[in-house]
Amino acid sequence: MDRNPSPPLRSRDEEEEEEAAVGDCIGSTVYSKHWLIGVLTGLMQIVSPENSKSSSDHEEQQMELDEEMENEICRVWDMSMDEDVALFLHEFNVPDIFMGILAKSKCPRLREICVGILGNMACFQEICVSISSEKNLGQVLLYCLCDSDPPTLLETSRLLLTCLSQTEVAVVWVERIREHPAIYDSICFIMSSSTNVDLLVKVGEVVDKLFDLDEKLMLEWIRNGAVQPLDQPQEDSEQQPVFRIVPCVLEAAKQVRSENPEGLDVYMHILQLLTTVDDGIQAIVDLPLIDSLIRVLQNMKHCQKKPENSAESNTEETKKSDLTEDDFHLKILKDISCEFLSNIFQVLTKETVAQGLKEGQLSKQKCSCAFENLLPLYNPVVEDFLKILREVDKTLAGNLEESFPSLKVQT
């Protein structure tokens, strides 16, 4: 009877090679320690080459990454999402190595990748605590938030948000940010001038988290830029714009709103947090902002209208999950907008309402939209606003009462 032949006996060399291969694996992964150490060693040589021809050659070399090296370090970036790899990198002292690279390298792509790898490593609590405890590394990473390269800024913001989300270390980062006024200027500059929606959303998440964690910091940022320093020369004030947090947040929200509803949720929540303190309300109460909020509510009303007899009705089932997600974000945005608008309505004065009517921010159509969304949850707020409106424009107040009988009955 035929049978399969027995497998050939392995030689001692083959057995040793297999044992060596197993020993070279990082944790339970198939990644090679030897290969990874080689990549990291090559990185250190790039930043501090032993045989550079001249300082100009060295500077030019730092500006760009060799294609092969970039591919390898990007593989490390992907691998660092694995906890075993992240722990190995930490044991190999990669945070300190990268601190040196970030402090010396002028290559934007290399800086982006290094911060990105640290961001992946920080997703694991033990490593996050260790990274956060290193004061010098913390200083270098915060400095990266003042970088001019958008991808590096994005990865730095992601890393910072990861650390702020860890209860054990969040307070450390809040204090560091408070001690570095340049961070405020950098974040405001990004929000007021960037067109990179991904970056704006991530920076918005950082600001939202900071304000949620620390009201004192939020108050400091609200007050920043409110008064120009008396001892600052005029020429300096022209070169260095004075940023105020509310206009910067609004500018970012405008940029984000058409491309990323989730990002708009974040910025609306930042504004809502600002209204939880008196200084924030005073900084926010302006008529263009009221007009913007009402426009957001008007746009959401159009978005919620579903087309009738659509030719694509047969694809409804396949789109059901997408529609549900869209509706969810619209609801969050509406809730935040309404709470925000109600907070502003509570502090409107007779003079502000009169100005709003004159300039068109508080027309009958816009007031009706506001009432539709605020009632019945914010009924007392609407009633108080209507009392002021009667003193300014009795006819408009009467028309709104006719449109909203519940208000007429209660007044």
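Predicted model, so just to flag it, every value in this text is computed and none were measured.

Caption draft 1: Layout of unusual backbone geometry. The omega torsion of the bond from L375 to P376 falls at 0°, within 30 degrees of zero and hence cis. Note on placement: P376 falls in the loop between α22 (364-374) and α23 (379-392). We note that N93 has phi near 70°; this positive angle belongs to a residue other than glycine. With respect to the helices, strands and loops of the structure, N93 is situated in the loop between α5 (83-91) and α6 (94-104).

Caption draft 2: Molecular detail of α23. For α23, spanning 14 residues, the distance from its first C-alpha to its last is 20 Å, which sits close to the expected 20 Å at 1.5 Å a residue. Taken together, the buried positions of α23 are N379, V381, V382, E383, F385, L386, I388 and L389.

Caption draft 3: Focus on the side chain of Q361. Tracing the backbone shows Q361 in the loop between α21 (350-359) and α22. Exposure remark for Q361: the relative accessible area of 10% places this residue in the buried category. Of the polar contacts made by the side chain of Q361, one reaches the side chain of E359; its length is 3.2 Å. Apart from the residues within four sequence positions on either side, Q361 is in contact with L287, P288, D291, I294, Q355, G356 and K366.

Caption draft 4: Summary view of the confidence of the model for the protein. Of all residues in the protein, 80% attain a pLDDT of 70 or more, and the chain-wide mean is 83. Low pLDDT, under 50, characterises residues 227-238; the stretch is placed with four contacts to residues that sit more than four places away or in other chains. Here residues 306-314 scores under 50 on pLDDT; set against residues more than four positions off or in separate chains, the count is two contacts.

Caption draft 5: Region of the structure containing the nonpolar core. Counting 128 residues, the largest nonpolar core has F98, M191, F211, W221, I245, F345 and F371 as its most contacted members. The dominant element in this core, judged by the number of residues it contributes, is helix α13 (residues 197-213), at nine residues. Apart from residues no more than four positions distant in its own chain, I245 is found in contact with Y184, C188, M191, F211, W221 and I222.

Caption draft 6: Local environment of the packing of helix α12 (residues 181-193) against helix α16 (residues 245-257). Close contact between α12 and α16 brings their axes to 7 Å; oriented N to C, the two are set at 35°. Taken as a pair, α12 and α16 cross one another with a handedness that is left-handed. For the pair α12 and α16, contact is made by Y184, C188, M191 and S192 and by I245, C248, V249, E251 and A252, respectively. In the contact of α12 with α16, the residues fall into seven nonpolar, one polar and one charged.

Caption draft 7: Spatial organisation of the packing of aromatic side chains. This model, assessed by the stated rule, comprises seven aromatic pairs. Summarising the aromatic geometry, the rings of F189 and F243 are spaced 6.3 Å apart at their centres and angled 70° between planes, so their arrangement reads as edge-to-face. Highlighted residues: F189 in helix α12 and F243 in the loop between α15 (234-239) and α16, separated in sequence by 54 residues. Relative to F385, the ring of F371 has its centre 6.0 Å away and its plane inclined at 90°; by these criteria the two rings are edge-to-face. Of this pair, F371 sits in helix α22 while F385 sits in helix α23, and the two are 14 residues apart along the sequence. Residue classification places F385 among the buried positions, given a relative accessible area of 1%. Chaining the aromatic ring pairs together yields one cluster made of F345, F371, F385 and F404. In this structure, R75 is placed above the aromatic ring of W35, and the distance from its NZ or CZ to the ring centre is 4.4 Å. A cation over an aromatic ring shows up here: R176 above the ring of W173, its NZ or CZ 4.8 Å from the ring centre.

Caption draft 8: Representation of the pattern of salt bridges within the structure. On inspection of all chains with the given rule, the structure shows 15 salt bridges. R178 serves as the salt-bridge partner of E175, at 2.6 Å between the closest nitrogen and oxygen. Linking E175 with R178, this pair stays in helix α11 (residues 170-178), spanning three residues, or about one helical turn. The buried category is assigned to R178, whose relative accessible area is 18%.

Calculation notes
- Residues numbered from 1 in each chain as written.
- Predicted model: local features only at pLDDT ≥ 70, side-chain atom pairs only at ≥ 80, totals over all residues.
- Heavy atoms only, no water.
- Helix = DSSP H or I, 4+ residues; strand = E, 2+ residues; numbered from the N terminus.
- Expected span 1.5 Å × (residues − 1).
- Buried < 20%, exposed > 50% of the residue type's maximum accessible area, 1.4 Å probe, protein only.
- Polar contact = N/O pair within 3.5 Å; in protein donor to acceptor, adjacent residues only side chain to side chain.
- Contact = heavy atoms within 4.5 Å.
- pLDDT = per-residue confidence, 0-100.
- Core = buried A, V, L, I, M, F, W, Y, C linked by side-chain atoms within 4.5 Å.
- Axes fitted to C-alpha atoms, helices over the stretch in contact; angles between N-to-C directions.
- Left-handed = near helix turned anticlockwise from the far one by under 90°.
- Nonpolar A, V, L, I, M, F, W, Y, C, P; charged D, E, K, R; others polar.
- Phe/Tyr/Trp six-rings, centres within 6.5 Å; stacked < 30°, edge-to-face > 60°.
- Lys NZ or Arg CZ within 6 Å of the ring centre and 35° of its normal.
- Salt bridge = Lys/Arg side-chain N within 4 Å of Asp/Glu carboxyl O.

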